[in-house]
Amino acid sequence: MLTKFICLALMALPRAMAHGGVLAIAIGGAWYNGWQPYNSPTGQTSIIRPWSTYNPILDATDPTISCNDDGTSGALQLTAPITAGEKLTAYWNPVWPHPYGPMLVYMAQCPGSTCTGVNSGTLKWFKTDQSGLINGTVFNGFWGDGLMIADNSSWTTTIPSTIPNGPYLIRFETIALHSLPAQFYPECAQLMVSGGGSKAPTSAELVTFPGAYSNSDPGLTIDIYSNAAQTETTYPIPGPPLYGSPPSSSTISTPSPTGSPTPTPSPTGPSVPEYGQCGGIGYTGSTTW
Ligand SMILES: *[C@@H]1O[C@H](CO)[C@@H](O)[C@H](O)[C@H]1NC(C)=O
Ligand SMILES: *[C@@H]1O[C@H](CO)[C@@H](O)[C@H](O)[C@H]1NC(C)=O
Ligand SMILES: [Cu+2]
């Protein structure tokens, strides 16, 4: 009986270890240690909003999907300064175990002069970066999550140069699709943006969490082990269109080729997310990798 219990406990361990979240953020030369969910909250000070478990969120409508559980600002909450157009890198516990699924980054401006004390569930979020199926098929392709793992279990993203100055939450999210329901791993950090522009997100780009996703979204119900997945080379990334992307008639945005009626961002401009062009849309090349 006892032996059996120990065996089950040992078997459970790797599963528990096979989760996690953002443990640190780097901005320029500055390194910000993240919140430590398994240490006492007392005395912890971090730019990352407190969270309490490595376990994923399994429901797109869970109240904690904005900034994890519980995602309220800490007693000693910090805010990192950053310049619009600057890059920052989030680091997950290495080696991140889930290579199948999209990477997403959102931001939300807080009212007033600080995000400290602001309930993340009341904010309007816009998506600044995403990477879905990069190449290959849904069944055995290369995903944003795989790119994150390949890059030292980290994700580097650029603060759009055009957003207004002010206090923001940034929300890093990796979604894992190796089992259903889909697993959400969001963490938020507080930023103070300077040197920005005047391009507020449009209403079509703004969403709430919960609200941005539905448990029936095609990108969240997709069975990557199905027969159909073996020939499927497109993947609809959940959530709103990217901030600053030209209006699209389809829910799947395409990299704007030519003749867009609205001014398109320069291909090298900072408002184009680093991997935004790698969403796997319409890829018809080799699927043999
Ligand atoms: C890889 O990530 C770890 C944090 O998880 C960091 O300490 C280390 O410097 C990174 N290595 C490189 C080469 O960036
Ligand atoms: C898929 O994309 C990854 C990341 O960009 C790249 O390393 C890999 O070579 C690509 N594979 C194919 C078959 O294009
Ligand atoms: Cu996991």
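Residues numbered from 1 in each chain as written. Chains lettered and ligands numbered in written order. Predicted model: local features only at pLDDT ≥ 70, side-chain atom pairs only at ≥ 80, totals over all residues. Heavy atoms only, no water.

Chemist: Before we go on, may I ask you to explain the site of ligand 1 in this structure?
Modeler: Near ligand 1 you find Tyr91, Pro94 and Asn152, and these make up its full shell. Within the contact set of ligand 1, an oxygen atom lies 2.5 Å away from a side-chain nitrogen or oxygen of asparagine 152. Expressed as a share of its isolated accessible area of 370 Å², the protein-covered part of ligand 1 is 40%. (Near = heavy atom within 4 Å. Polar contact = N/O pair within 3.5 Å; in protein donor to acceptor, adjacent residues only side chain to side chain. Areas by Shrake-Rupley, 256 points an atom, 1.4 Å probe, with all protein chains shown as cover.)

Chemist: Any chance you could explain the sheet that holds strand β10 (residues 166–176) here in plain terms?
Modeler: Think of a sheet as strands paired side by side through backbone hydrogen bonds, with each pair either parallel or antiparallel. With mixed pairing, the five strands of this open sheet are ordered in space as β3-β11-β10-β5-β6. Every interior strand has two partners, whereas the edge strands, β3 (80–83) and β6 (125–131), have only one. Geometrically, the sheet is characterised by an average inter-axis angle of 35° between neighbouring strands, direction not taken into account. Strand direction decides the pairing type here: β10 and strand β11 (residues 183–194), joined by eleven bridges, are antiparallel. Residue pairing in the sheet places tyrosine 168 in a bridge with leucine 191 of β11. (Pairing = 2+ DSSP bridges. Helix = DSSP H or I, 4+ residues; strand = E, 2+ residues; numbered from the N terminus. Axes fitted to C-alpha atoms, helices over the stretch in contact; angles between N-to-C directions.)

Chemist: Teacher, can you tell me more about the packing of aromatic side chains here?
Modeler: Remark: the centre distance and the inter-plane angle together describe each pair of aromatic rings, the angle taken between the planes. A full pass over the atoms with the stated rule returns 13 aromatic pairs. Between tryptophan 96 and tyrosine 185, the aromatic rings sit 4.9 Å apart at their centres with planes inclined by 90°, giving edge-to-face as the arrangement. Placement of tryptophan 96 in the loop between β4 (87–92) and β5 (103–109) and of tyrosine 185 in strand β11 is noted, with a sequence separation of 89 residues between them. Taken as a pair, tryptophan 96 and tyrosine 185 share a single burial class, namely buried. Ring geometry for phenylalanine 209 and tyrosine 213: centres 5.2 Å apart, planes at 80°, overall edge-to-face. As far as the burial class goes, phenylalanine 209 and tyrosine 213 line up, both buried. Taken together, the ring pairs in this structure connect Tyr106, Trp125, Phe184, Phe209 and Tyr213 into an aromatic cluster. When the ring centre of tyrosine 243 is taken as origin, the NZ or CZ atom of lysine 199, which lies over that ring, is 5.7 Å away. (Phe/Tyr/Trp six-rings, centres within 6.5 Å; stacked < 30°, edge-to-face > 60°. Buried < 20%, exposed > 50% of the residue type's maximum accessible area, 1.4 Å probe, protein only. Lys NZ or Arg CZ within 6 Å of the ring centre and 35° of its normal.)

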